[in-house]
Amino acid sequence: YLIEIAEVIFKKHKHNVDYKVMPWSRAISEAEKGKINAIAGAYYEDAPDFLFPKNEQGKSRELIFTGKNKKIVYNGINSLYSITLGVVKDYSYGDEIDQYILKNKDQSNLIYEIAGENSLESLLKMLKTDRIGALIENEIVMQNYLFEKKMENDIVPIGVLRDEVKVFIAFSPAIANSKTYAEILSSGMGDIRKTGELKQILAKYGLKDWK
């Protein structure tokens, strides 16, 4: 839905959006070098040097998920020591869990890091085969994926790792026009909210406006 928002807003300013899927760590690196204009689905801590629109493109939480038949209980960070946790390489999940991952990333029985274009799909397959006990994912991303795959009853959230935060399309610090693009996107959010276009976009993904 972030891409559709960008397409609608930038089209009004005669800009085309060319969206490419790539591993998250590579996307950040490519944008830092100025090879791509922006990354979609970023938090402030993911790329603090990037240019962020004043108005966010969403709000979401980081949740811990497991299979509906797994008897796993989440009671805070310490309870993670009893499972193998699947995470996306170089993704930020908030200070507390990031520190846990950094501390234990070399212990394969605790942390399984994955990179690639289909990281969520891969982690869910590993969850199904018991190679991991749980995984962390953005609430909106998981909700949409399960909706598309008709898997809503297969995966369940068992805890909140980070409370609701703002989600952005963030622009490269290496490109001169990034400030202008961020401003276009920011003002455009208000425009498409007023026209009802935002509501229509979100509805296609089973989502509602967060404001």
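A brief report on the enclosed structure follows. Every chain is numbered independently, its residues counted from 1 as its sequence is written. Given that the model is predicted, a residue must reach a pLDDT of at least 70 before its local features are reported, and side-chain atom pairs must reach 80 or more before they are shown or counted; all residues, however, enter totals for whole chains, interfaces and linings. The side-chain quantities take in all heavy atoms of the structure and omit both hydrogens and water.

1. Concerning the side chain of Glu56
Here's step 1: As for its placement among the helices and strands, Glu56 is situated in the loop between strand S1 (38-42) and strand S2 (58-67).
Here's step 2: For every residue, the accessible area obtained with a 1.4 Å probe (protein chains only) is divided by the maximum for its type, and the residue is called buried under 20%, exposed over 50%, and partly exposed between those limits. Glu56 sits in the buried class, given a relative accessible area of 4%.
Here's step 3: What makes two residues a contact is simply this: any of their non-hydrogen atoms within 4.5 Å. When sequence neighbours within four positions are dropped, the list of residues in contact with Glu56 reads Lys166, Val167, Phe168, Met189, Trp210 and Lys211. The helix count covers DSSP runs of H or I at least four residues long, the strand count covers runs of E at least two residues long, and both are numbered beginning at the N terminus.

2. Overview of the layout of surface pockets
Here's step 1: Whether a set of points on the 1 Å grid over the protein atoms alone is a cavity depends on a 1.4 Å probe fitting there but being unable to get out, while an open set qualifies as a pocket with protein on both sides within 12 Å along at least five of seven lines; lining residues are those with an atom within 4 Å of a point. Grid points are joined across faces, edges and corners, and a volume is the space filled by probe spheres set on the points. Considering only enclosed or pocket space, the largest pocket measures out at about 1700 Å³ in volume.
Here's step 2: The wall of the largest pocket is formed by 46 residues, among which Ile3, Tyr19, Lys20, Ala40 and Gly41 lie closest to the centre.
Here's step 3: Listing elements by their share of the lining of the largest pocket, those giving two or more residues are helix H1 (2-11), helix H2 (24-32), S1, helix H4 (119-128), strand S5 (134-138), helix H5 (139-149) and strand S6 (155-171).
Here's step 4: The biggest single contributor to the lining of the largest pocket is H5, with six residues.
Here's step 5: Residues of the lining of the largest pocket, tallied by class, amount to 29 nonpolar, 10 polar and seven charged.
Here's step 6: Here the second largest pocket is characterised by a volume of approximately 300 Å³.
Here's step 7: Contributing to the lining of the second largest pocket are 13 residues, with Leu124, Lys128, Met151, Asp154 and Ile155 lying nearest its centre.
Here's step 8: The leading source of residues in the lining of the second largest pocket is H4, at five residues.
Here's step 9: Ten residues, namely Ala, Val, Leu, Ile, Met, Phe, Trp, Tyr, Cys and Pro, are considered nonpolar, four, namely Asp, Glu, Lys and Arg, are considered charged, and the remaining ones, Gly among them, are considered polar. Of the residues contributing to the lining of the second largest pocket, the split by class is five nonpolar, two polar and six charged.

3. Details of the side chain of Ser119
Here's step 1: With respect to the secondary-structure elements, Ser119 resides in helix H4.
Here's step 2: For Ser119, a relative accessible area of 14% translates into the label buried.
Here's step 3: Leave out the neighbours within four places in its chain, and Ser119 touches Val88 and Ile114.

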